[in-house]
Amino acid sequence: MTALRMQFFTLAAIILVGILLTGFDKAHWFAYVPVLLLLVAGITGVCPGLKFWKKMGFE
């Protein structure tokens, strides 16, 4: 496991703890999107956000 993947997992866990402390019933559904994207990035090693911004023309 690389340090970058661990960074993705750690960030997803911190956001998920914030949602947990707020309350799953009170958190908006959009708050789960970064958690899911970071988990995908941690599991696959490919960051969806980075791919998106590269397709938009940013380096």
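Residues numbered from 1 in each chain as written. Predicted model: local features only at pLDDT ≥ 70, side-chain atom pairs only at ≥ 80, totals over all residues. Heavy atoms only, no water.

**Q** Give a description of the nonpolar core that names residues and reports values.
**A** Membership of the largest hydrophobic core is limited to seven residues, which are Phe8, Ala12, Ile19, Ala27, Val35, Leu38 and Ala41. When near neighbours in sequence (up to four residues on either side) are disregarded, Phe8 contacts Leu38, Ala41, Gly42 and Cys47. (Core = buried A, V, L, I, M, F, W, Y, C linked by side-chain atoms within 4.5 Å. Buried < 20%, exposed > 50% of the residue type's maximum accessible area, 1.4 Å probe, protein only. Contact = heavy atoms within 4.5 Å.)

**Q** Report on the packing of helix α1 (residues 3–22) against helix α2 (residues 32–44), specifying residues and quantitative values.
**A** Direction vectors running N to C along α1 and α2 enclose 155°, while the axes themselves pass 8 Å from each other. Considering the angle they form, α1 stands roughly antiparallel to α2. Here α1 runs over α2; the crossing is left-handed. Residues Arg5, Phe8, Phe9, Leu11, Ala12, Ile15, Leu16 and Ile19 of α1 pack against Tyr32, Pro34, Val35, Leu38, Leu39, Ala41, Gly42, Ile43 and Thr44 of α2. In terms of residue class, the contact of α1 with α2 is made up of 14 nonpolar, two polar and one charged. (Axes fitted to C-alpha atoms, helices over the stretch in contact; angles between N-to-C directions. Helix = DSSP H or I, 4+ residues; strand = E, 2+ residues; numbered from the N terminus. Parallel < 35°, antiparallel > 145°, perpendicular 65-115°, else oblique. Left-handed = near helix turned anticlockwise from the far one by under 90°. Nonpolar A, V, L, I, M, F, W, Y, C, P; charged D, E, K, R; others polar.)

**Q** Account for the packing of aromatic side chains, with residues named and values stated.
**A** The way to describe two aromatic rings as a pair is by their centre distance and the angle between their planes. Using the criterion set out here, one finds four aromatic pairs in the structure. Measuring from ring centre to ring centre gives 6.4 Å for Phe24 and Tyr32, while their planes differ by 10°; the resulting arrangement is stacked. Taken together, a centroid distance of 5.7 Å and an interplanar angle of 75° make the contact between Trp53 and Phe58 edge-to-face. Under the relative-accessibility criterion, Phe58 is labelled exposed at 55%. Of the aromatic side chains, those joined through ring pairs into one cluster are Phe52, Trp53 and Phe58. (Phe/Tyr/Trp six-rings, centres within 6.5 Å; stacked < 30°, edge-to-face > 60°.)

**Q** A description of a nonpolar patch on the surface should follow, citing residues and the corresponding values.
**A** A cluster of nonpolar residues, Phe52, Trp53, Met56 and Phe58, forms a patch on the protein surface that exposes about 480 Å² of accessible area. Note that Phe52 resides in helix α3 (residues 48–55). The class for Phe52 is partly exposed, based on a relative accessible area of 43%. (Patch = residues over 30% accessible without salt bridge, like charges linked within 9 Å, V, L, I, M, F, W, Y side chains within 5 Å. Areas by Shrake-Rupley, 256 points an atom, 1.4 Å probe, with all protein chains shown as cover. Salt bridge = Lys/Arg side-chain N within 4 Å of Asp/Glu carboxyl O.)

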